[in-house]
Amino acid sequence: MSSKGRSVAGSHGQDTPEAVPNALTQRPQRTGGRPRDPAIEEAILRATRKRLATDGYSRMTIGDVVADAGVTRPTLYRRWPNKYELVVDALAYGLQKQRDAYPPLDVDGMAPVEAFTKAVERLDPRYHNERAMALHGNFMGDAEREPALFEQFREQGVYPRCAELLQTLQQLQQAGAVRADADLDATVVLCFGSYFGDYLLTGRSAPPNHSDRVVAALWPSIRAEGY
């Protein structure tokens, strides 16, 4: 890879989309006793994500989560010993749901500009979660108070999403459609940041042609000669 500087995909083993953890299947399970009900765990995780968007981590309480999920405190604590571990799994759960909602991205079967555009479209934090901007804002607001949690948010919610665009650009670079000296990391940052800039300026969801406009502005600076 010839992109410059640090990789926006991170350096913690999550630099491909396939590295997304599954909060419902990869957590250690207890042995003995009644089997766990995945529907209950999913209800708790969904309630947690809703509270993170509306209240943020600092104001979110276990009492609010169990009330929203329609379960009891012991039910939650049998699965998660504390709020921090619950939130980490809720982040992984949300990312997995978003990844499952994506249609396959066949870079080899698309024209280079089309593949770039589709990958940028899938960067939108609200692709599967309309509350995503509030969720991001609340985690950024808690960054100084909860630095470890903010790092988890970046690991679980930001790096894997950006990794797909980076991987797409790398494939296009290997195919000769993107310049060998193109700064792919900077391109990913600009594309991802465009959704936040648009939201802060307009207060609304990005328009349907947002990815087309972003690609039209950036493609001339990274395309190889002849593309």
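Heads up: the structure comes first, above all this text.
In short, a report on the structure. Just so we're clear, the structure is a prediction, and the values are computed from it rather than from any experiment.

### Looking at the overall build of the protein
Scanning the protein from N- to C-terminus turns up 10 helices and 0 strands. Of the regular secondary structure in the protein, the N- to C-terminal order runs α-α-α-α-α-α-α-α-α-α. When each of the 227 residues of the protein is scored for burial, the buried share is 48%. Long-range contacts, defined here as pairs at least 24 residues apart, represent 72% of the contacts in the protein between residues at least 6 apart. Approximately 11500 Å² of the protein is accessible, and the part contributed by carbon and sulfur atoms is 51%.

### Concerning the side chain of Asp142
Locating Asp142 in the fold gives a position in the loop between α7 (132-141) and α8 (147-174). If we skip the residues at most four places from it in the chain, Asp142 touches Gly56, Tyr57 and Ser58.

### Remarks on the state of the cysteines
The term disulfide refers to a covalent linkage connecting the sulfur atoms of a pair of cysteines. Tallied over the full model, the rule gives 0 disulfides. We note that Cys162 lacks a disulfide partner, and the nearest cysteine sulfur, in Cys191, lies 9.3 Å from it. Among the residues examined, Cys162 registers a relative accessible area of 4% and is labelled buried. Residue class for Cys191 comes out buried when judged on its relative accessible area of 0%.

### Let's talk about the pattern of salt bridges
Within this structure, the stated rule accounts for 10 salt bridges. In this structure, Asp124 engages Arg126 in a salt bridge whose closest nitrogen and oxygen atoms are separated by 3.3 Å. The pair Asp124 / Arg126 is uniform in exposure class, with both members buried. Residues joined by salt bridges that share partners form a network here, namely Arg51, Asp55, Asp64 and Asp68.

### A few points about the environment of Asn138
Looking at the element boundaries, Asn138 is found in helix α7. On a C-alpha basis, the gap between Asn138 and Phe150 in space is 9.9 Å, while along the polypeptide they are 12 residues apart. Leave out the neighbours within four places in its chain, and Asn138 touches Leu52, Ala53, Thr54, Asp55 and Gly56.

### A short note on the packing of aromatic side chains
Using the criterion set out here, one finds 4 aromatic pairs in the structure. Ring geometry for Phe192 against Phe196: centres 5.1 Å apart, planes inclined by 80°, an arrangement best described as edge-to-face. Placement of the pair is Phe192 and Phe196 together in helix α9 (residues 184-202), with a separation of 4 residues, close to one helical turn. Accessibility expressed as a relative area gives 11% for Phe192, which makes it buried. Chaining the aromatic ring pairs together yields one cluster made of Phe139, Phe150 and Phe153.

### Brief notes about the nonpolar core
Phe116 and Leu165 are the most contacted members of the largest nonpolar core, which has 53 residues in total. Mapped by element, the contributors of at least two residues to this core are α1 (38-54), α3 (62-69), α5 (83-101), α6 (112-121), α7, α8, α9 and α10 (210-222). The dominant element in this core, judged by the number of residues it contributes, is α8, at 8 residues. When residues no more than four places from it in sequence are discounted, the contact partners of Leu165 are Phe116, Ala119, Val120, Leu123, Val188 and Cys191.

### Considerations on the packing of α1 against α7
Where α1 meets α7, the axes come as close as 7 Å, and the angle between the chain directions of the two elements is 70°. Between α1 and α7, the angle is such that the two are roughly perpendicular. Crossing handedness for the pair α1 and α7: left-handed. Taking contact as the criterion, the partners of Arg49, Leu52, Ala53 and Thr54 in α1 are, on α7, Ala134, Leu135, Asn138 and Phe139. Along the lines of polarity and charge, the residues of the contact of α1 with α7 split into 5 nonpolar, 2 polar and 1 charged.

### What about the side chain of Asp55?
Within the element layout of this structure, Asp55 appears in the loop between α1 and α2 (56-59). A polar contact is formed between the side chain of Asp55 and the side chain of Thr54, at a distance of 3.4 Å. Those residues in contact with Asp55 that lie beyond four places of it in its chain are Met60, Asp64 and Asn138.

Reading the values: the criteria
Residues numbered from 1 in each chain as written. Predicted model: local features only at pLDDT ≥ 70, side-chain atom pairs only at ≥ 80, totals over all residues. Heavy atoms only, no water. Helix = DSSP H or I, 4+ residues; strand = E, 2+ residues; numbered from the N terminus. Buried < 20%, exposed > 50% of the residue type's maximum accessible area, 1.4 Å probe, protein only. Contact = heavy atoms within 4.5 Å. Areas by Shrake-Rupley, 256 points an atom, 1.4 Å probe, with all protein chains shown as cover. Disulfide = S-S within 2.5 Å. Salt bridge = Lys/Arg side-chain N within 4 Å of Asp/Glu carboxyl O. Phe/Tyr/Trp six-rings, centres within 6.5 Å; stacked < 30°, edge-to-face > 60°. Core = buried A, V, L, I, M, F, W, Y, C linked by side-chain atoms within 4.5 Å. Axes fitted to C-alpha atoms, helices over the stretch in contact; angles between N-to-C directions. Parallel < 35°, antiparallel > 145°, perpendicular 65-115°, else oblique. Left-handed = near helix turned anticlockwise from the far one by under 90°. Nonpolar A, V, L, I, M, F, W, Y, C, P; charged D, E, K, R; others polar. Polar contact = N/O pair within 3.5 Å; in protein donor to acceptor, adjacent residues only side chain to side chain.

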